[in-house]
Amino acid sequence: MGEAQSPVGSVDRALLILQEIGKHSRGVTLDELATRLGLPKSSLHRLLSALKHRGFAAQPEPSGPYFLGTEMLATAFRFYETMDLRTIVHPLLLRLSDEFSETVHMAMLDGAEVVYLDKVEAVRSITMTSVVGGRNAAHCTGVGKALLAWTYPTDEAIRAWAERYGPLTTRTRSTITNPAKLAAHLAQVRERGYALDLEENEPGVRCVAAPVFMGKTAPVAAVSVTALKDRMPPARTEELGNALRQAVAEQV
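Just so it is clear, the model here is predicted, and its values are computed rather than measured.

*Asks:* Which residues make up the packing of aromatic side chains, and what values go with them?
*Replies:* This model, assessed by the stated rule, comprises 3 aromatic pairs. Aromatic pair Trp 150 and Phe 213: ring centres 6.1 Å apart, planes at 90 degrees, arrangement edge-to-face. With Trp 150 in helix α6 (residues 142–151) and Phe 213 in the loop between β7 (205–212) and β8 (221–228), this residue pair connects regions lying 63 residues apart in the sequence. Overall, Phe 213 belongs to the partly exposed group, its relative accessible area being 25%. The rings of Tyr 152, Trp 161 and Tyr 165 are connected pair by pair, giving a single aromatic cluster. Directly above the ring of Tyr 194 sits Arg 192, whose terminal nitrogen or CZ lies 5.1 Å from the centroid.

Right, here's the structure in full:
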């Protein structure tokens with residue numbers, strides 16, 4: 001359970017209990033929790049009593065299964081309703097820009113476009129159309145494709161999106177404007193775990209992007225690393241994509 005690394009063992013055990021309860025939509029019994037977590041029933045019962053007292057766990061029937069409590073859900077919803085994405089993700093952008101020495105962005109999807117929420121310029125900055133508060137087409141940007149791939153996770157959903165917002169505009173010779181080709185491309189994005197913009201939005205500019213889920217099934221934002229074509233050959237593109245995907249997954 002990683003208790004040796006935890007600063008406070010009892011808190012760690014309580015969090016593990018909540019994690020385990022959260023895996024069982026039909027509830028989980030005391031015996032099942034004890035077996036799965038390797039905890040004595042007496043200690044487990046005391047921790048569950050404390051969680052029930054604060055509303056983070058619930059047991060509708062005496063001796064019945066345990067569920068996540070209403071306070072657990074209310075706390076999570078309050079956080080997601082009021083969270084400031086920029087405040088949460090900005091430290092990651094600073095780290096990525098420093099690590100890769102390139103410009104990084106964060107954006108969210110709004111219909112057929114992405115809206116840039118944050119941007120950290122690299123020391124060797126480049127001139128781009130992206131500005132905080134600005135917009136670009138989703139189908140030809142790294143952040144846009146990272147958002148589209150998981151927001152519309154099937155070929156049919158992508159084609160319906162393209163039909164609603166089309167026709168897809170051409171920005172460069174590399175822009176994908178055919179809905180079927182875009183759907184096939186986004187399937188590769190999901191398989192790879194990150195998206196690429198290979199001069200599809202601006203000539204000479206490439207980027208890699210990864211989705212930010214924040215515990216949700218569809219991404220709430222996407223983060224990208226952008227560089228001039230000469231600084232992002234195929235080998236470095238793959239390296240940056242994998243590193244970005246891992247960094248985003250670990251931090252947010």
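*Asks:* Go over helix α2 (residues 30–37) with me, naming the residues and quoting the values.
*Replies:* Those residues of α2 that sit buried are Leu 33, Ala 34 and Leu 37. Each buried residue of α2 lies within a common arc of 100 degrees when the element is viewed along its axis, so the set occupies one face. Exposed positions of α2 whose direction lies more than 90 degrees from the buried face are Thr 35 and Arg 36. Tucked inside the fold, the buried residues of α2 contact α1 (9–21) and α3 (41–53).

*Asks:* Before we move on, could you go through a nonpolar patch on the surface and cite the residues and values that matter?
*Replies:* Together, Val 8, Val 11 and Leu 15 make up an exposed nonpolar region whose accessible area comes to about 250 Å². If you trace the backbone, Val 8 turns up in the segment before α1. Accessibility expressed as a relative area gives 43% for Val 8, which makes it partly exposed.

*Asks:* Break down the nonpolar core for me, with residues and values.
*Replies:* Judged by nonpolar contacts, the single largest core of 25 residues is most densely connected at Leu 96, Val 223 and Leu 244. Taken together, the elements giving at least two residues each to this core come down to α5 (85–100), β3 (103–110), β7, β8 and α9 (234–251). With 6 residues, α5 is the largest single contributor of residues to this core. Those residues in contact with Leu 96 that lie beyond four places of it in its chain are Ser 101, Val 104, Val 223, Leu 244 and Ala 247. Within the second largest apolar cluster, 23 residues are counted, among which are Val 114, Ala 162, Ala 195 and Ala 222.

*Asks:* Could you give an account of the sheet that holds β3, with specific residues and numbers?
*Replies:* Pairing is antiparallel across the open sheet formed by 6 strands, whose spatial order is β5-β4-β3-β8-β7-β6. Only two strands of the sheet have a single neighbouring strand rather than two, namely β5 (135–137) and β6 (195–198). Each neighbouring strand pair of the sheet contributes to a mean axis angle of 30 degrees, computed without reference to strand direction. As paired strands, β6 and β7 are joined by 4 bridges and run antiparallel to one another. For Leu 196, the partnering residue across the bridge sits in β7 and is Val 208. Packed on one face of the sheet, α9 meets β6, β7 and β8 and runs near 20 degrees to β7.

*Asks:* So what's going on with the environment of Trp 150? Which residues, and what values?
*Replies:* Here Trp 150 falls in the buried class, since its relative accessible area comes to 18%. For Trp 150 and Pro 40, which are 110 residues apart along the polypeptide, the C-alpha to C-alpha distance reads 41 Å. What Trp 150 contacts, discounting residues up to four positions off in sequence, is Val 189, Arg 190, Gly 193, Tyr 194, Pro 211, Phe 213, Ala 218 and Pro 219.

*Asks:* Outline the environment of Gly 241, listing residues and values.
*Replies:* Tracing the sequence through the fold places Gly 241 in helix α9. In the structure, Gly 241 is positioned 55 residues away from Leu 186 in sequence and 15 Å away in space, judged by C-alpha atoms. When near neighbours in sequence (up to four residues on either side) are disregarded, Gly 241 contacts Tyr 194 and Val 208.

*Asks:* I'd like to hear about the side chain of Thr 237, residue by residue, with values.
*Replies:* The topology assignment puts Thr 237 in helix α9. Sequence-distant contacts of Thr 237, that is, excluding residues within four places in its chain, are made with Tyr 194, Leu 196, Val 208 and Met 232.

*Asks:* Before we move on, could you go through unusual backbone geometry and cite the residues and values that matter?
*Replies:* Between Gly 166 and Pro 167 the backbone carries a cis peptide bond, its omega angle lying at 0 degrees. Among the structural elements, Pro 167 can be located in the loop between α7 (155–165) and α8 (179–192). Positive phi is not limited to glycine here, since Ser 63 has a value of about 70 degrees. Within the secondary structure, Ser 63 is located in the loop between β1 (57–58) and β2 (67–68).

Calculation rules
Residues numbered from 1 in each chain as written. Predicted model: local features only at pLDDT ≥ 70, side-chain atom pairs only at ≥ 80, totals over all residues. Heavy atoms only, no water. Phe/Tyr/Trp six-rings, centres within 6.5 Å; stacked < 30°, edge-to-face > 60°. Helix = DSSP H or I, 4+ residues; strand = E, 2+ residues; numbered from the N terminus. Buried < 20%, exposed > 50% of the residue type's maximum accessible area, 1.4 Å probe, protein only. Lys NZ or Arg CZ within 6 Å of the ring centre and 35° of its normal. Arc of directions from axis to C-beta. Contact = heavy atoms within 4.5 Å. Patch = residues over 30% accessible without salt bridge, like charges linked within 9 Å, V, L, I, M, F, W, Y side chains within 5 Å. Areas by Shrake-Rupley, 256 points an atom, 1.4 Å probe, with all protein chains shown as cover. Salt bridge = Lys/Arg side-chain N within 4 Å of Asp/Glu carboxyl O. Core = buried A, V, L, I, M, F, W, Y, C linked by side-chain atoms within 4.5 Å. Pairing = 2+ DSSP bridges. Axes fitted to C-alpha atoms, helices over the stretch in contact; angles between N-to-C directions.

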